[in-house]
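Observations on chain architecture
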Amino acid sequence: MPETIQQEAPDLQPNSSDASLAQIQNFSGKYPKQLWSLFFSEMWERFCFYGNRSLLTIFMVEKLSMTDAESNLKYGAIQAFVYAFTFIGGLFADKILGFRKSLFWGGSLMILASLLLFIDAKTLFFPAMCLMIVGTGFFKPNISTMVGELYKEGDPRRDAGFGLFYSGINIGALFAGIVCVYAARHFSWNIAFGLSGLFMFIGLINFIFTQRSLGPIGRQAPKILANPNRKRNELLTYAGSLVALPAIYILITNTQYTDIFMYIIGPATLIYLLVEMRKYSATENKKLVAALVFIIFSIVFWAFFEQSGGSLNLFAANNLKHDLLGFNIDPNIVNNSSNSFFVILFSPLIGLLWVGLAKKKLEPNALIKFGIGFLFLALAFYVFYYTKNFADGNGITSLNIFTLAYFVITFGELFLSPIGLSLMTKLSPKPLWGVMMGMWFLASAYGQYVAGILGAGMSTAKENATLTEKLIAYTEGYKQLALYALVAGVVLIVISPFVKKLMGGVK
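A brief structural summary. (Residues numbered from 1 in each chain as written. Predicted model: local features only at pLDDT ≥ 70, side-chain atom pairs only at ≥ 80, totals over all residues. Heavy atoms only, no water.)

A count of helical and extended segments in the protein chain gives 18 helices and two strands. Taken along its principal axes, the extent of the C-alpha atoms in the protein chain is 70 × 55 × 40 Å. The buried share among the 507 residues of the protein chain stands at 59%. If you take every contact in the protein chain between residues at least 6 apart in sequence, the share linking residues at least 24 apart comes to 85%. Total accessible area on the protein chain stands at roughly 20,000 Å², and carbon and sulfur atoms take up 67% of it. (Helix = DSSP H or I, 4+ residues; strand = E, 2+ residues; numbered from the N terminus. Buried < 20%, exposed > 50% of the residue type's maximum accessible area, 1.4 Å probe, protein only. Contact = heavy atoms within 4.5 Å. Areas by Shrake-Rupley, 256 points an atom, 1.4 Å probe, with all protein chains shown as cover.)

As structure tokens, then:
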């Protein structure tokens with residue numbers, strides 16, 4: 001398989017006609033032209049990821065006969081391993097494969113996963129999820145890191161570049177939430193899953209035909225190319241990722257093993273980082289400590305935010321009317337696309353807000369932005385809780401109020417996520433970019449893991465609970481999340497001056 005990869009993608013090797021790094025980074029205008037190649041590849045990869053994500057909990061309840069609690073736990077386990085493997089993928093990209101080969105290998109596995117689901121989603125569901133986990137792990141952190149390499153250190157246009165890249169993520173997620181949910185409801189689950197793989201294939205083809213413009217970005221580092229065992233190490237990486245599949249299958253189908261894995265991977269990662277930090281100066285280490293503060297709080301944020309793929313998916317399926325501003329629409333389409341729609345709509349406005357405040361020297365520091373993001377998150381979950389006041393006697397409530405909550409939560413995401421991606425490369429020494437980007441996504445893994453536990457805890461214990469009982473159970477849970485998010489936001493704002501000192505001159 002690895003030999004086939006190199007034949008199909010010859011531009012993975014250096015070419016004399018490639019642009020130099022200096023030529024790429026000395027671009028004029030707001031965005032480097034190479035950003036568009038990465039934008040479209042990421043957009044279609046995110047279609048694949050979010051297309052599958054929009055279907056998971058509902059599929060497990062309706063087709064695999066799981067309870068709401070079981071599907072939340074399985075969802076949390078699958079998503080946790082997806083993001084946990086981004087750390088592993090980032091590590092192997094740094095040390096062995098380089099970013100381009102990692103991206104191509106990961107995308108190929110994701111396409112294979114979707115193909116299995118297209119063939120027989122019910123029988124092959126968990127084997128396909130194992131392939132999706134490993135594939136996303138190799139793809140996701142490395143394309144984000146390549147975006148960072150398009151800019152010189154200190155280039156003020158970097159945030160704008162990550163903002164555009166982030167909009168690509170949300171365009172893919174928007175269409176995935178609409179297309180895949182509609183296909184599942186009106187055609188078949190197999191077709192819905194298969195569509196995600198089709199668009200991943202388009203994204204991978206786009207990268208193959210546009211990668212030459214990236215010059216040296218994403219290629220294997222000189223020290224890797226100089227290693228006489230390079231080919232052997234690459235083959236072992238490909239083979240090892242396949243050999244790991246049975247172990248992943250055991251972990252995601254037995255959630256008690258997921259607990260053990262999550263108890264180990266986090267501390268092990270911190271120990272690895274501490275060892276690596278010994279190679280760097282005190283100033284660099286302070287910046288890495290600041291990055292860890294952002295990472296820790298992002299775990300809490302994603303644990304709440306990612307209810308959208310778990311408990312909120314089930315809440316939308318069971319407890320919402322099909323009426324949005326007078327239009328008949330599937331609530332799960334709203335649940336899986338409205339956030340992306342609002343991000344695309346308001347992301348440029350938030351960017352302009354920061355530019356305007358920066359000119360007046362009033363722009364808040366990154367931790368204050370994180371804190372405000374949590375305050376929006378708290379307000380959004382209070383609105384989710386407040387939907388119970390609009391319920392009828394059958395436990396069915398307003399899709400309009402539910403959508404309003406997503407409008408609010410979007411601003412929380414816009415204050416946090418694009419900034420976080422950019423900060424990982426700003427606060428990290430370049431040799432640790434892949435690792436720190438992987439740690440950012442590992443934080444998301446813990447967030448997903450906790451999200452599953454929280455969603456299961458909010459599910460009513462009664463197997464045959466009425467819709468009214470489900471409504472009360474979930475909305476009371478959302479009220480608790482609103483309170484915790486409020487506390488986290490206040491803490492972040494209070495500690496912001498101390499973390500700002502650790503960050504040095506990074507903005």
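Right, let's talk about the layout of surface pockets for a bit. Any empty space left between atoms is shown by rolling a water-sized probe over those atoms. Each pocket or cavity is described by its volume, and for the second largest pocket that value is around 500 Å³. Every element with two or more residues in the lining of the second largest pocket is listed here: α5 (68-149) and α8 (222-225). The leading source of residues in the lining of the second largest pocket is α5, at six residues. (1 Å grid on protein atoms, 1.4 Å probe; cavity = no way out; pocket = protein on both sides within 12 Å on 5 of 7 lines; lining within 4 Å. Points joined across faces, edges and corners; volume = space filled by probe spheres on them.)

Tracing the chain through its elements places Gly 371 in helix α15 (residues 366-386). When its relative accessible area of 0% is taken as the criterion, Gly 371 is described as buried. When the C-alpha positions of Gly 371 and Ala 485 are compared, they lie 9.4 Å apart, and in sequence the two are 114 residues distant. Beyond its immediate stretch of four places on either side in the chain, Gly 371 contacts Gly 489, Leu 492 and Ile 493.

A few words now on the packing of α15 against helix α18 (residues 467-502). At a minimum axis distance of 7 Å, the contact between α15 and α18 shows a crossing angle of 170°. Taken together, the axis directions place α15 and α18 in an arrangement best described as roughly antiparallel. Regarding α15 and α18, the two cross each other, and that crossing is left-handed. Of the residues in the contact of α15 with α18, the class split is 22 nonpolar, four polar and two charged. (Axes fitted to C-alpha atoms, helices over the stretch in contact; angles between N-to-C directions. Parallel < 35°, antiparallel > 145°, perpendicular 65-115°, else oblique. Left-handed = near helix turned anticlockwise from the far one by under 90°. Nonpolar A, V, L, I, M, F, W, Y, C, P; charged D, E, K, R; others polar.)

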